[in-house]
Amino acid sequence: MIKSFKKHYKSLLFLLFSTIIFISRIWYIRESNVLAIRNDEYGYWTHAALFTGHDWSDVFAGHMNWYSYGYSLILTPLFWFSHHLHLMYKTAIVLNGIFAVLSFLLCIHCARILFPEIKDWLLLVVSFMVLMYSSYLTQGPIAWSETFLYLLVWLLLYLFLQFERYPSVSYAILLSLSVGACYITHNRTIGIVTAYFMIVLFLRLTDAIDWKLFAAMLLPLIVILFFNVDIKAYLCTVEGFGLKPKNGMGAQKDHLLSLLTLQGWWNLIRSLSGQMWSLMTSTFGLLFWGLIHCAAHIFHAVRTKKSEKHTTFYLFTLLASVGTFLISAISLIDPASITNLNDDTDLTYFIYTRYDECIIGILLLLGFMELAFCYKNRRFVLQIINEVCVYTAVSLILYFNLQRITDTWHYRSFCAAGIGFYRLFSEKFSLRWCILIGTAGAVLLMLLLSFCKRRFQKLHITAACLLLTAAFIPTGLYSAKIGTINSQLGKVSSGNLAMFDLLKEVVGDREVYCTLDDTKNYRIAYELQLNLIDTHVYSTTMEDLPVAEDGYFICCGNGDLDQFQGDDYYMLTQSRYYIIVIKGHDLMRELAPKVEQELVNLNVLKK
């Protein structure tokens, strides 16, 4: 048995790590029944509904902005097999687990190509640590595009490395298609797309590729981008989003124009500093070393005037990372809350890293390898000094801005989950706790990976991976709990799900009108439509209800009951904040034998 274990230990190790990665993504699946995160999830599910013949435009038109449809293509088959949202949502979470395991496999292959001299079991351990990054875990229980996008980026990186090794038309086409898939899944990957165009032009200008490969690397992507414009226009029109500025590059026009002012540049510096601080803290400095690894290879190639192995890949990774960070920063440089700091400022604007995390995995891998296997010389000491200086600078910029904010509870954990460890110690955001924990972790990593005897290096590398994983798991799961699961449980405890379930049993082919409550909260209409997949739901107001008609249902706020005039309105069911009303005597008499509770006339309730 021992011989068999030694023979197959790498396969067993891969199976063990894959199981842990999968389970970590579906850890909260028993509690994941409903959509919870802002409008993003609704946007993706709306596209998938349209692709299967469901028209939800009467609910989402006018209230929803554009969301890319790449992830919606993954959700579309779920509508073919079930119209039960709870089951469909859990299936989407299981798919997140599968995507994460596939990302793990691609990470291993990338690591094996980049570091062929390192033993496979060490690459397995390091890749496992990378895939357990805390923000990755936080995205697991959310049915939106993030986890799928991480997989696409890993696929893109793997195909890029394969193209470097075997430059062929087939790999060039696959590489181009993968870039297009990233873009139609999330438009914030425009930084990666831009980096790809720059690299392809660079390869052609330096005669590294011929015109045939040049065309193969660009034409599929250009075709995707061209057709994407028409598809986007069609979806915006049919679904009622409308071609609003926020649905395209026009959304960033004001942000870009603000760079013509000193305030705009200061906002950009603050936003970039916040991102770098947050990512360096959450990765315990590995982000810095990943960027250094890429830059060092590029600098050496320029200095020696000789391209080394994977130099093009490192250049692409560096450009894609910088482009992604800039796109994320530019999208946040002009909100009022970052320009005019006050007590109610959303801290997320300063430490927003969600858009950056699609590219962060490769930097974690490269940064860890740079620390573990680079030569420990004077240059290494200078790099450590540079890291300290950069981290100190971004920390000071963030500190002198955040100290003006007193209500530090206002923070969306799923958007900057990597530094969620501070919540293990305090309900309020604590910059000092984050710096203390992040710095302590970085020093410990340095001791394990840089100042150890060579014969103990493998043991120290394994210990460093386990240390990082032990820090990532509770941080990621806790951020998921407070940012997603608690929101979902809040909907359950408010009784909304029970209200939807009862309505689903009796609605049949009748229409449902969802009125706006006092806070103009459209999300109850979104929830209603997604739970009643085959029902035509209208988002309207109390004044616009078709009072002359009968035989439909109304979902309204409890505070709107006094506005109903007439004796043909009956209460079907009620949650803490909302009520379902039956309109019409005939419909009430038809439903009375089918429900257990008494259908009470609203006039009786008013008394």
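As shown above, the structure is provided for reference.
Cut-offs and rules
- Residues numbered from 1 in each chain as written.
- Predicted model: local features only at pLDDT ≥ 70, side-chain atom pairs only at ≥ 80, totals over all residues.
- Heavy atoms only, no water.
- Helix = DSSP H or I, 4+ residues; strand = E, 2+ residues; numbered from the N terminus.
- Contact = heavy atoms within 4.5 Å.
- Areas by Shrake-Rupley, 256 points an atom, 1.4 Å probe, with all protein chains shown as cover.
- Salt bridge = Lys/Arg side-chain N within 4 Å of Asp/Glu carboxyl O.
- Buried < 20%, exposed > 50% of the residue type's maximum accessible area, 1.4 Å probe, protein only.
- Phe/Tyr/Trp six-rings, centres within 6.5 Å; stacked < 30°, edge-to-face > 60°.
- Lys NZ or Arg CZ within 6 Å of the ring centre and 35° of its normal.
- Core = buried A, V, L, I, M, F, W, Y, C linked by side-chain atoms within 4.5 Å.
- Pairing = 2+ DSSP bridges.
- Axes fitted to C-alpha atoms, helices over the stretch in contact; angles between N-to-C directions.

Student: Looking at this model, I keep getting lost on the overall build of the protein chain. Mind explaining?
Tutor: Helix and strand counts for the protein chain come out as 24 helices and six strands. Residue pairs at least 24 apart in sequence account for 77% of intrachain contacts in the protein chain once pairs closer than 6 positions are excluded. For the protein chain, the accessible surface area stands at approximately 26100 Å², while carbon and sulfur atoms represent 64% of it.

Student: Explanation requested: the pattern of salt bridges in the structure shown.
Tutor: Oppositely charged side chains are able to pair whenever their charged atoms sit close together. A full pass over the atoms with the stated rule returns 11 salt bridges. Of the charged contacts in the structure, one is a salt bridge between Asp 586 and Arg 589, with a shortest N-O distance of 2.7 Å. A residue pair is termed a helical-turn pair when its members lie 3 or 4 positions apart in one helix, as Asp 586 and Arg 589 do in helix α23 (residues 585–591) at three residues. Neither Asp 586 nor Arg 589 differs from the other in exposure class; each is exposed.

Student: When you look at helix α22 (residues 523–531) in this model, what are you seeing that I'm missing?
Tutor: The periodicity of an α-helix, 3.6 residues per turn, causes residues three or four positions apart to be oriented the same way. Across the nine residues that make up α22, a large majority, eight, are buried. Every buried residue belonging to α22 is among Ile 524, Ala 525, Tyr 526, Glu 527, Leu 528, Gln 529, Leu 530 and Asn 531, and all of these are buried.

Student: Please clarify how the environment of His 186 should be interpreted in this entry.
Tutor: For His 186, the position within the fold is in the loop between α9 (169–185) and α10 (190–205). Residue His 186 is classed as buried on the basis of its relative accessible area, which comes to 10%. Excluding its chain neighbours within four sequence positions, the residues that come into contact with His 186 are Tyr 44, Ser 68, Ser 145, Glu 146, Leu 149, Arg 354 and Tyr 355.

Student: What exactly am I supposed to notice about the packing of aromatic side chains here?
Tutor: To describe a pair of aromatic rings, one takes the distance between the centres and the angle between the planes. A complete count under the given rule lists 29 aromatic pairs for this structure. By the ring-pair criterion, three or more aromatic residues cluster together here, those being Tyr 133, Tyr 136, Tyr 150, Phe 284, Phe 421 and Phe 472. In this structure, Arg 204 is placed above the aromatic ring of Trp 211, and the distance from its NZ or CZ to the ring centre is 4.5 Å. For the cation-ring pair, Lys 583 lies above Tyr 569, with the distance from its terminal atom to the ring centre recorded as 5.3 Å.

Student: It is not clear to me how the nonpolar core should be interpreted in this structure. Could you clarify?
Tutor: Nonpolar side chains in soluble globular proteins tend to be buried together. Judged by nonpolar contacts, the single largest core of 178 residues is most densely connected at Trp 45, Phe 368 and Phe 553. At 16 residues, the largest contribution of residues to this core is made by helix α5 (residues 85–114). Leaving out residues up to four positions away in the same chain, Phe 368 has contacts with Val 126, Met 129, Leu 286, Leu 449, Ile 461, Ala 464, Cys 465 and Leu 468. In terms of nonpolar packing, the next biggest core, distinct from the first, is built from 13 residues, Tyr 513, Cys 556, Tyr 569 and Met 571 among them.

Student: Can you walk me through the sheet that holds strand β1 (residues 512–515) in this structure?
Tutor: One open sheet holds the six strands; their spatial order is β2-β1-β3-β5-β4-β6, and the pairing between them is mixed. Of all strands in the sheet, those bounded by a partner on one side alone are β2 (537–540) and β6 (600–601). Two elements, β1 and strand β3 (residues 552–557), share three bridges in a ladder whose sense is parallel. Its bridge partner lying in β3, Tyr 513 is registered against Ile 554. Of the strands in this sheet, β1, β2, β3 and β5 (578–583) are in contact with α22, which crosses β1 at around 160°.

Student: Looking at this structure, I do not really get the pairing of β5. What am I missing?
Tutor: The side chains of a regular strand alternate, first on one face of the sheet and then on the other. Of all six residues in β5, six are buried; the element is thus mostly enclosed. Judged from the five bridges that link them, strand β4 (residues 569–574) and β5 form a sheet pairing that is antiparallel. Each residue of the ladder has a partner; that of Met 571, found in β5, is Val 581. Counted between consecutive antiparallel strands, the loop separating β4 from β5 contains three residues.

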